[in-house]
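Now for the letters of each chain:
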Amino acid sequence: MAEAYDKPVELDEEGQTEQNTDVSMAPTEDWYGNGPPPPPPSPPIKNPTDGSRRKKKMAILAVGVAVCAAIGLGLGFSLTGNNNDNNTSSNSSNNANGSDEVSTATTTSSTTTTKATMVSSTSTEAAATETMSTSSEEDLIPAMTTTTTTKATTAMDPVDVVATTKAMESVAATTTTTTTTTAAPVAPTQTEVAEVQVVEEEKMKEEVQEQEQEELLPTETYDAVIIGAGWAGIRAAETLLNSGIESILVLEASNYIGGRAKSINLDDTINDPDTNSSNIPFDLGCEWLYSSGGQEETLEARGFLNAALDNDKYTGTPLEGQFYQQARDGTVEIMEDVVEWMDEIWGGFLQFRENRLDELTGLSYAEAIDRYIDKWGWNDDESLQFLNLMEDASEIEYTSDSSQLDIGTIEFHPPGYTMKTHYTSIPGMGFGNIAAGYAEPFKSKIQLNSKVTEINSEVEGDGDYKTIVKYVEDGVNEVVEAKTVLVTVSLGVLKAGNINFVPSLPAWKQETIDAMGFGLVNKCIMSWNNDDDHVWPRDKLWFLLMTPEDETSGQWTTFFNPSRFKGIPTLTAWVGGDEAIEAEKQSDDEILNKVMNNLRSMFPSIREPDRVIISRWGMDENVRGTYSFPVPGRDFYDDADNLQRRVGRVWFAGEATNSAWGSTMAAWDTGEEQALNMARSLEGV
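Starting afresh in each chain, residues are numbered from 1 along the sequence in its written order. Totals for whole chains, interfaces and linings use all residues, but because this is a predicted model, local features are given only for residues with pLDDT of at least 70 and pairs of side-chain atoms are given and counted only at 80 or more. Working from all heavy atoms in the structure, the side-chain values ignore hydrogens and water.

Undergrad: Would you mind going over the confidence of the model for the protein chain with me for this structure?
TA: In regions of low pLDDT, the predicted coordinates are not meant to be interpreted in detail. For the protein chain, the average pLDDT comes to 77, and 69% of its residues sit at 70 or higher. pLDDT under 50 marks residues 1-63. Its contacts with residues more than four places away, or in other chains, come to 125 contacts. Counted against residues more than four places away or in other chains, residues 65-182, with its pLDDT under 50, gives 149 contacts. Across the chain, each position has a pLDDT score giving the predictor's confidence in that residue, from 0 to 100. Throughout, a residue-residue contact means that at least one pair of heavy atoms, one from each residue, lies within 4.5 Å.

Encoded structure:
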């Protein structure tokens, strides 16, 4: 019926709607509901007493039946002989002009048929009389109806015939006049129909949205609503509670607490607060905790790091691992002189960077390395591949391709550099398990599977503006009201526009979100059940494979060996930057095949793992990456400050809003800081 809305009502010179008398435009299925039905036949004649009288009545009745049959026949032709486009157009005209027009239109056809029948009536009287005489009174009307199209006559008085004929001619003349003055409507084109459909669909959407807006009233009002239950969100929640703010709600889109701290345990649980020493975690996100700052102090004081404290603090970096060099014929050997390579080639680049930092400002890491190669002539194949390997290691550390990393902000590990951290992914711990355990005392304040879709700060309440938070919980739309809101979602989620801000974020805030870097690093975690499968060196934490081709360099060529921490043979293959983006397009089997090929080149006797877990943080719509990084031509620390700045009653926190970007410590610190600011605001300070 969409086409019916496309044709405007046509008016005659007097401003009246023109009648549509084109019987070919009659609707097919709903005619009997829109226009008048054909007139009923005359009642049957019972017990006739006079033969001539009976003949006369039969003749009159025959004419009436002929009219009815003709009307029905005309309608039948128009109903069955037309296409759908004409039908829908007729509906539009019918609705505009009224049902009488259909009756008038069909009269034209029926009148013509009836007049033709009357011409032959005087010459076929005997045949009609014979037909009626052989029919019973009960069969009289059916018999006449079936013969009216060919034998519709009975003997009539001349006066009756003349009078009837004049009456029929008068009706025909009237109908004919109407027909000749009416223009048939033009069927709409497919483009016009499509345009109308689009308009109608938009109207329906607007009506649904308005209805939802009316129906979805806030169910609760909170002093603070926190979006995200990662480390920033749960630290903010506890800080507010400790400040006396009890009316809080934490909305987490995923089905677990912890965000990018995600432990998948040997028993297949995820972020289990009740994990024990017999349960081995495999962390898809963060694994190391810096051994300084408030986060470490708090977690250590509460016993979350007891298992880690029994081990020496982890101080290794990938550059302290064992390097393997693959020749073009596929053979691989250990690089015995890697220390000299590190000091001379990589150490030389870091010195080059330091001496020329002013002229390198605004360039990427890749551009700076190219200038270093041109300056010092490191053009031999081995030197170039070693520099490639170092670039790949930096892309894993900083989550982005070296062509997007700012050379002025980043100094990737100089020789001898160490990090003082706790390795948390050990039995009885796991960074994700720790996050869930930390939030356990206030887990009643956290709603999982609750994806925020809109933050509206434009709604006016009783004498003041309020903030409305819309979210979807297990597929059901929900709304709450908040006096303050803290957004702790990842920079990737902000970039994707998953949350609609009303009014829109200020230009300076949106420009910062768009310009900042947010990268990707993924893992392929493998474990073996039997200790006999431990065929790689037990005392080395990292293995790096230097391939002879640029195309294969960086594709799952960096491996971490946490076996001594976990108690079972375990290896984690890493990939970062553009290679990580490409890897997410591949299946698990394709990824594992590449990983195992590289491992076999170093350790030929290694067999397929018993357990494999592959992360895909870029494809996780609740994260869309891993963490932020500095891009060339921008001041990362100014961007982080702008990202953290509050907008009205909405605050922001997370690793990307802190100078210690890329760490849970940054998320912790900003969550705590912004929660204290919200508490002061609520207290009117």
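Undergrad: Honestly, the side chain of Thr657 in this entry has me stumped. Any pointers?
TA: Structurally, the position occupied by Thr657 is in the loop between strand 21 (650-652) and helix 23 (664-682). Taking the relative accessible area as the measure of exposure, Thr657 reaches 5% and is therefore buried. Apart from residues lying up to four places away in sequence, Thr657 is in contact with Ala640, Leu643, Gln644 and Thr670. Only DSSP runs of H or I covering at least 4 residues are called helices, and only runs of E covering at least 2 are called strands; the numbering of each starts at the N terminus. Residue exposure (1.4 Å probe, protein chains only): buried if accessible area is under 20% of the type maximum, exposed if over 50%, otherwise partly exposed.

Undergrad: Looking at this structure, I do not really get a negative patch on the surface. What am I missing?
TA: Judged by side-chain charge, Glu333, Glu336, Asp337, Glu340, Asp343, Glu344, Asp380 and Glu382 come together as a negatively charged surface patch. In terms of residue count, the dominant contributor to the negative patch is helix 12 (residues 338-355) (3 residues). Examined against the element boundaries, Glu344 turns out to sit in helix 12. By definition, no residue in a patch forms a salt bridge, and every one has over 30% relative accessible area; like charges are joined within 9 Å, nonpolar side chains (Val, Leu, Ile, Met, Phe, Trp, Tyr) within 5 Å. Surface accessibility follows the Shrake-Rupley procedure with a 1.4 Å probe radius. Residue values consider only the protein chains on display as shielding. Any Lys or Arg side-chain nitrogen located within 4 Å of an Asp or Glu carboxyl oxygen qualifies as a salt bridge. In this tally Asp and Glu are treated as negative and Lys and Arg as positive; neither His nor the chain ends contributes. By convention, charge coordinates are those of NZ in Lys, CZ in Arg, CG in Asp, or CD in Glu.

Undergrad: For this particular structure, what's the right way to read helix 12?
TA: The α-helix advances 3.6 residues per turn, and as a result positions three or four apart in sequence lie on the same side. Expected span of a helix, by definition, is 1.5 Å for each gap between consecutive residues, and there is one gap fewer than residues. The terminal C-alpha atoms of helix 12, which comprises 18 residues, lie 24 Å apart, in line with the 26 Å expected from a rise of 1.5 Å per residue. For a residue, the bend is simply the angle between two axes, fitted respectively to the seven-residue segment ending there and the seven-residue segment starting there. Where helix 12 bends most, the angle comes to about 30°, and this point is Gly347. Those residues of helix 12 lying buried are Val338, Trp341, Met342, Ile345, Trp346, Gly347, Phe349, Leu350, Phe352 and Arg353. On its buried side, helix 12 packs onto strand 6 (322-326), helix 13 (357-360), helix 14 (365-376) and helix 15 (381-398).

Undergrad: I would appreciate a short explanation of the packing of helix 12 against helix 15 in the present structure.
TA: Helix-helix packing is characterised by the crossing angle of the two axes and by the distance between the axes. To obtain each axis, a line is fitted to C-alpha atoms, and for helices this fit is confined to the stretch in contact; angles are then taken between N-to-C directions over 0 to 180 degrees. Axis separation between helix 12 and helix 15 bottoms out at 11 Å; the angle between their running directions is 85°. Classed by the angle they form, the pair helix 12 and helix 15 counts as roughly perpendicular. Where helix 12 abuts helix 15, its residues Val338, Trp341, Met342, Ile345 and Trp346 lie against Glu382, Ser383, Phe386, Leu387 and Met390. Residue type decides the class: Asp, Glu, Lys and Arg count as charged, Ala, Val, Leu, Ile, Met, Phe, Trp, Tyr, Cys and Pro as nonpolar, and the leftover types, Gly among them, as polar. Tallied by class, residues from the contact of helix 12 with helix 15 come to 8 nonpolar, 1 polar and 1 charged. Oblique is the label for any angle not covered by the other classes, which are roughly parallel (under 35 degrees), roughly antiparallel (over 145) and roughly perpendicular (65 to 115).

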